[in-house]
Amino acid sequence: MSHEAAGVPTTRNDEDRQDDVPQDSDDVQDVQQNEAEPDAPGPAGPDDAGPRPEARLARAVQVAEQALIEFEIAVETFRVEVENFSRLHHQKLGPMYARLDELDALIAEARAAKSGDPEDERKAREARAVVMPMPGVDELFHDWMDTDGLSPEAAAMLTEQPVRPPKRVRPSEEARRLYRELARKAHPDLAQDEVERQRRDEFIARVNAAYGRGDVELLKELVAEWEAGPVQPPAPLSESEELYARLEWLSRRKELLTVLAKELEDGAIGSMLRMAPDDPDQLLEDIAEQLLGEVSRREAELAEMTR
């Protein structure tokens, strides 16, 4: 599925658009309706019985599964970009924002000292309060805890392992290619039983972590590991009721992913990424240059006031 059809922001020019996958946003439901209904009956001889309805329904399930996997790849790719942009934005630009806050406080204090105006003194106190606010509990543990406990970065620190933050907003083309290859081969939705699903879930979690850091070498190792793993035999066709239930589950999963994609796109970082769909790393550099200009202007203003 193409990213546009899935509702995922077009922040990049992926080369793997799938022309053979249903393109409408309701593709899973359309596949269910179109593939599940048998063709109009026609004259049939003893040697022209046609395919079993269960076989056509199984094909519909396969198409819907591939459509959902392509959509999940698109959403996860964008989620990684949003997360990496947020972290790098904080790392690169946080000190500049802090410097601007400090300069604003110094300018307000200098103005209040000259005027003696109670209103200027109030503004100076407010500006100073912004510079060093008392951190709350959530802020103290920011980036140390997640829904599963300690974040990978925090665990690495506590075990004296090297921390590997993302090097850039968008992983390299090689990393993206390897990630797509692994996601399509090892996706949990292709599992035929619960044991296989758990194995794939654990493997894909490692793939996602390596992709988030843009670790090409680790992704290559994971490709080799998956290729060497057990090959699952194709499952026999299920009964019609089970296939219909599978299509319904795929449809519900697609709806949840659509909501997630919309939240990512409408968030503050997603909105910033839409400003530079081709080169988000350059956007960070442009913002940094603008902030440096603001710092220089405020420093000049403060120097003029304190002469």
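Residues numbered from 1 in each chain as written. Predicted model: local features only at pLDDT ≥ 70, side-chain atom pairs only at ≥ 80, totals over all residues. Heavy atoms only, no water.

## Here's the deal with the overall build of the protein
Consideration 1: Looking only at helices and strands, the protein has twelve helices and two strands in total.
Consideration 2: Taken from N to C terminus, the helices and strands of the protein fall in the order α-α-α-α-α-β-β-α-α-α-α-α-α-α.
Consideration 3: Every one of the 307 residues in the protein was classed for burial, and the buried ones make up 38%.
Consideration 4: For the protein, the proportion of contacts with a sequence separation of at least 24, taken over those separated by at least 6, is 74%.
Consideration 5: For the protein, the accessible area works out to roughly 18,300 Å², and carbon and sulfur atoms hold 54% of it. (Helix = DSSP H or I, 4+ residues; strand = E, 2+ residues; numbered from the N terminus. Buried < 20%, exposed > 50% of the residue type's maximum accessible area, 1.4 Å probe, protein only. Contact = heavy atoms within 4.5 Å. Areas by Shrake-Rupley, 256 points an atom, 1.4 Å probe, with all protein chains shown as cover.)

## A short note on helix α10 (residues 240–266)
Along an α-helix, a turn takes 3.6 residues, which lines up residues three or four apart on a common side.
Consideration 1: The terminal C-alpha atoms of α10, which comprises 27 residues, lie 39 Å apart, in line with the 39 Å expected from a rise of 1.5 Å per residue.
Consideration 2: Listed in full, the buried residues belonging to α10 are Ser-240, Leu-243, Arg-246, Leu-247, Leu-250, Ser-251, Lys-254, Leu-257, Ala-261, Leu-264 and Glu-265. (Expected span 1.5 Å × (residues − 1).)

## Thoughts on the nonpolar core
Consideration 1: Among the nonpolar cores identified, the biggest contains 36 residues, and Phe-85, Leu-93 and Leu-273 are the most heavily contacted of them.
Consideration 2: It is helix α3 (residues 53–115) that provides the largest number of residues to this core, a total of 17 residues.
Consideration 3: Judged by nonpolar contacts, the second largest core, of 19 residues, contains Tyr-179, Ala-186, Ala-210 and Trp-226. (Core = buried A, V, L, I, M, F, W, Y, C linked by side-chain atoms within 4.5 Å.)

## Examining the packing of aromatic side chains
Consideration 1: The final tally for this structure, using the stated rule, is two aromatic pairs.
Consideration 2: Centroid distance Tyr-179 to Tyr-211: 4.4 Å. Interplanar angle 15°. Geometry classified as stacked. Here Tyr-179 is found in helix α7 (residues 173–186), whereas its partner Tyr-211 is found in helix α8 (residues 194–213), with 32 residues between them in sequence.
Consideration 3: Judged by centre distance (5.0 Å) and plane angle (40°), the ring pair of Phe-203 and Trp-226 falls under tilted. Taken together, the positions of Phe-203 in helix α8 and Trp-226 in helix α9 (residues 216–228) put the pair 23 residues apart, joining distant regions of the chain. Comparing Phe-203 with Trp-226, the two get one shared label, buried.
Consideration 4: Above the face of the Phe-71 ring, Lys-254 is positioned so that its terminal group lies 5.0 Å from the ring centre. (Phe/Tyr/Trp six-rings, centres within 6.5 Å; stacked < 30°, edge-to-face > 60°. Lys NZ or Arg CZ within 6 Å of the ring centre and 35° of its normal.)

## Brief notes about the side chain of Glu-65
Consideration 1: Note on placement: Glu-65 falls in helix α3.
Consideration 2: Owing to a relative accessible area of 13%, Glu-65 belongs among the buried residues under this scheme.
Consideration 3: Those residues within four positions of Glu-65 in sequence are excluded, and the remaining contacts are Asp-189, Leu-190, Arg-246 and Leu-250.

## Here we look at the packing of α8 against α9
Consideration 1: Interhelical geometry of α8 versus α9 gives an angle of 160° and a closest axis separation of 9 Å. Comparing their axes, α9 and α8 come out roughly antiparallel. Viewed along their axes, α8 and α9 form a crossing whose handedness is left-handed. Contacts from Glu-196, Arg-199, Arg-200, Phe-203, Arg-206, Val-207, Ala-210, Tyr-211 and Arg-213 in α8 reach Leu-218, Leu-219, Leu-222, Glu-225 and Trp-226 in α9.
Consideration 2: Classifying every residue of the contact of α8 with α9 by side-chain character gives eight nonpolar, no polar and six charged. (Axes fitted to C-alpha atoms, helices over the stretch in contact; angles between N-to-C directions. Parallel < 35°, antiparallel > 145°, perpendicular 65-115°, else oblique. Left-handed = near helix turned anticlockwise from the far one by under 90°. Nonpolar A, V, L, I, M, F, W, Y, C, P; charged D, E, K, R; others polar.)

## A short note on the pattern of salt bridges
Consideration 1: Going through the model one piece at a time under the given rule, you end up with 28 salt bridges.
Consideration 2: Between Arg-79 and Glu-83 there is a salt bridge whose closest N-O contact spans 2.9 Å. Residue Arg-79 and its partner Glu-83 are located together in helix α3, separated by four residues, close to a single helical turn.
Consideration 3: Here Arg-177 makes a salt bridge to Glu-174, at a shortest N to O gap of 2.9 Å. Placement of both Arg-177 and Glu-174 in helix α7 is noted, with a separation of three residues, approximately one turn of the helix.
Consideration 4: By relative accessible area, which is 37% here, Arg-177 ends up partly exposed.
Consideration 5: Of the residues examined, Glu-174 reaches a relative accessible area of 29% and is grouped as partly exposed. (Salt bridge = Lys/Arg side-chain N within 4 Å of Asp/Glu carboxyl O.)

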